[in-house]
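Chain residues, written in single-letter form:
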Amino acid sequence: MKISLVIPAFNEEGNITPLYQKIKEVLENRHDWELIFVNDGSRDRTREEIEEIAGTDERVKAVHLPTNFGKTIALKEGFKKATGEVIFTLDADLQDDPEEIEKFLQKIEEGHDVVCGWRFHRRDPLWKRVPSRIFNFFVSLLGGVKLHDINCGYKAFRKEVIEKLDFYGDLYRFIPLIAHSKGFRVTEVKVKHAPRKRGKSKYGWKKFYWGFLDFITIIFLTHYRVKPLHLFGTMGTVLFLPGAAIEIGLAVLWFTSSPHSIGGHYPLLWLGILLLIVGIQLISLGLLGEMIVYGFMSMKKE
Ligand code: UDP
Ligand code: MG
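This is a predicted model, so every value here is computed, not measured. Counting starts from 1 at the beginning of each chain's written sequence and moves along it residue by residue. Just so you know, chain letters begin at A and ligand numbers begin at 1, following the order they were written in. Since the coordinates come from a predicted model, pLDDT governs what is reported: local features require at least 70, and pairs of side-chain atoms require 80 or more to be given and counted, while whole-chain, interface and lining totals use all residues. Values reported for side chains reflect all heavy atoms of the structure, with hydrogen atoms and water molecules removed beforehand.

S.K.: How should I be thinking about the overall build of the protein in this particular structure?
M.R.: Along the protein, the regular secondary structure elements total 10 helices and 7 strands. Dimensions along the principal axes, computed over C-alpha positions, put the protein at roughly 95 × 50 × 40 Å. The classification of residues rests on relative accessible area computed with a 1.4 Å probe and restricted to protein chains. Under 20% of the type maximum is buried, over 50% is exposed, and intermediate values are partly exposed. Per-residue burial for the protein yields a buried fraction of 43% across its 302 residues. Within the protein, residue pairs in contact and separated by at least 24 positions form 80% of the contacts whose partners lie at least 6 positions apart. Only the protein chains shown count as cover for residues, and all accessible areas are computed by the Shrake-Rupley method using a 1.4 Å probe. Accessible surface for the protein amounts to roughly 16,600 Å². Of this, 61% is attributable to carbon and sulfur atoms. Numbering of helices and strands starts at the N terminus; helices are DSSP runs of H or I of at least 4 residues and strands are runs of E of at least 2. We call two residues in contact whenever any of their non-hydrogen atoms come within 4.5 Å of each other.

Encoded structure:
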């Protein structure tokens, strides 16, 4: 089984050569392999380091992006060059240990299509680990797959998964969820994790905020992409029905007792109106979504 390792690198000078040597040591004489370094517009000596290795070892391919496009695009460009049956992604910063490749392969051989790394003893600062824990809790709860560490850059995929899935923006970390929704078998393995020794981490707290928004996108796209009314219609109905009940109740009160009796119920009257309006808006939004989906579907047919 040929394996491809796709490694995105942004300003990772000093990490590239030791990583290559470690990978070579682990895989030599054991597997048919190739390595694809994607230089994501680095402004240090990353480019030179990659070129030097690619010049001496034909199994190493170099992709250079003209500027810093971010990890998702870097990975996508790398995937285009990958020819192996199993495709790995790992970080260039030496935090992921190439020794663990065998564990991933074992899971693939057992019949899984996607294997996600789980940094069991994560060697990152606390301010990164705590939000990550919370994030993963919600991912497991709502995403349909139980995963402890979806943000881990160390993952393995059967070639078909990469060929069939499409992802954009920052959605690469959710590939396991998208894959699961398409019927692929997803699992995880515990991996060793080392602290970053050289260079700086490229992500701060913003990563979690964007990650949270991306998660909403993923849940929406994997569950409701072709049935938006199921989501918006449900939310709308939940608001509309109590709103209607309140207004009908108040109308009955108006007709059955003296008109002044409504006076004490003004806040309730307004609440009812608010619920009705927002409910109708949400249902309309869902219908609009259905129209868009229908439009796309008929366009596809033509
Ligand atoms: N990376 C990249 N482009 C970017 C940011 C990061 O290719 O715009 C690469 C980076 O070089 C590393 C991996 O993505 O190989 C993970 O980044 P980092 O180690 O900074 O993230 P952390 O482990 O701190 O979450
Ligand atoms: Mg890192």
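S.K.: Please clarify how the site of ligand 1 should be interpreted in this entry.
M.R.: Any residue with a non-hydrogen atom lying within 4 Å of a molecule or strand is treated as near it. Taken together, 18 residues form the shell around ligand 1, and within it Glu12, Asp40, Asp93, Ser201 and Lys202 come nearest. The contact in question runs from an oxygen atom of ligand 1 to an N or O atom on the side chain of Arg196, over 2.8 Å. At 3.1 Å from an oxygen atom of ligand 1 is found a side-chain nitrogen or oxygen belonging to Lys207. Considered on its own, ligand 1 offers 530 Å² of accessible surface; in the complex 96% of this is hidden by protein. With a 1 Å grid laid over protein atoms only, a set of points is called a cavity when a 1.4 Å probe fits there but cannot get out and a pocket when it is open yet has protein on both sides within 12 Å along at least five of seven lines; lining residues have an atom within 4 Å of a point. The way we define it, a molecule is inside a pocket or cavity when more than half of its atoms are within 2 Å of that pocket's grid points. If you map ligand 1 onto the pockets, it falls in the largest pocket. Gly counts as polar in this scheme, as do all residues outside two lists: the nonpolar Ala, Val, Leu, Ile, Met, Phe, Trp, Tyr, Cys and Pro, and the charged Asp, Glu, Lys and Arg. Residues belonging to the shell around ligand 1 are distributed by class as follows: 5 nonpolar, 4 polar and 9 charged. We call two N or O atoms a polar contact when they sit within 3.5 Å, provided that within protein one can donate a hydrogen and the other can accept it, with sequence-adjacent residues counted only if both atoms are side-chain atoms.

S.K.: Hey, could you run me through the coordination of the magnesium ion (ligand 2) in this one?
M.R.: Under perfect tetrahedral coordination by four donors, a metal shows angles of 109.5 degrees; under perfect octahedral coordination by six donors, it shows angles of 90 or 180 degrees. In this listing, donors mean N, O and S atoms no farther than 2.8 Å from the metal, or 3.2 Å for Na, K and Ca; water is missing from the atoms, so a site can look incomplete. Protein-derived coordination of the magnesium ion (ligand 2) comes from Asp93 (OD) and Gln95 (OE1), at a distance range of 1.9 to 2.0 Å. For the residue pair Asp93 and Gln95, the accessibility class agrees, reading buried in each case.

S.K.: What am I meant to see in the environment of Lys164 here?
M.R.: Its location among the elements puts Lys164 in helix H6 (residues 159-164). Look at Lys164 and you get exposed, because its relative accessible area is 61%.

S.K.: Looking at this structure, how should I read unusual backbone geometry?
M.R.: Leave glycine aside and you will find that most residues have negative phi; peptide bonds, for their part, are mostly trans. Of note, Asn29 is a non-glycine position whose phi angle comes to about 65°, a positive value. On the secondary structure map, Asn29 appears in the loop between helix H1 (16-27) and strand E2 (32-40). Judged by relative accessible area, which is 78%, Asn29 ranks as exposed. Although it is not a glycine, Leu94 adopts a positive phi angle of roughly 70°.

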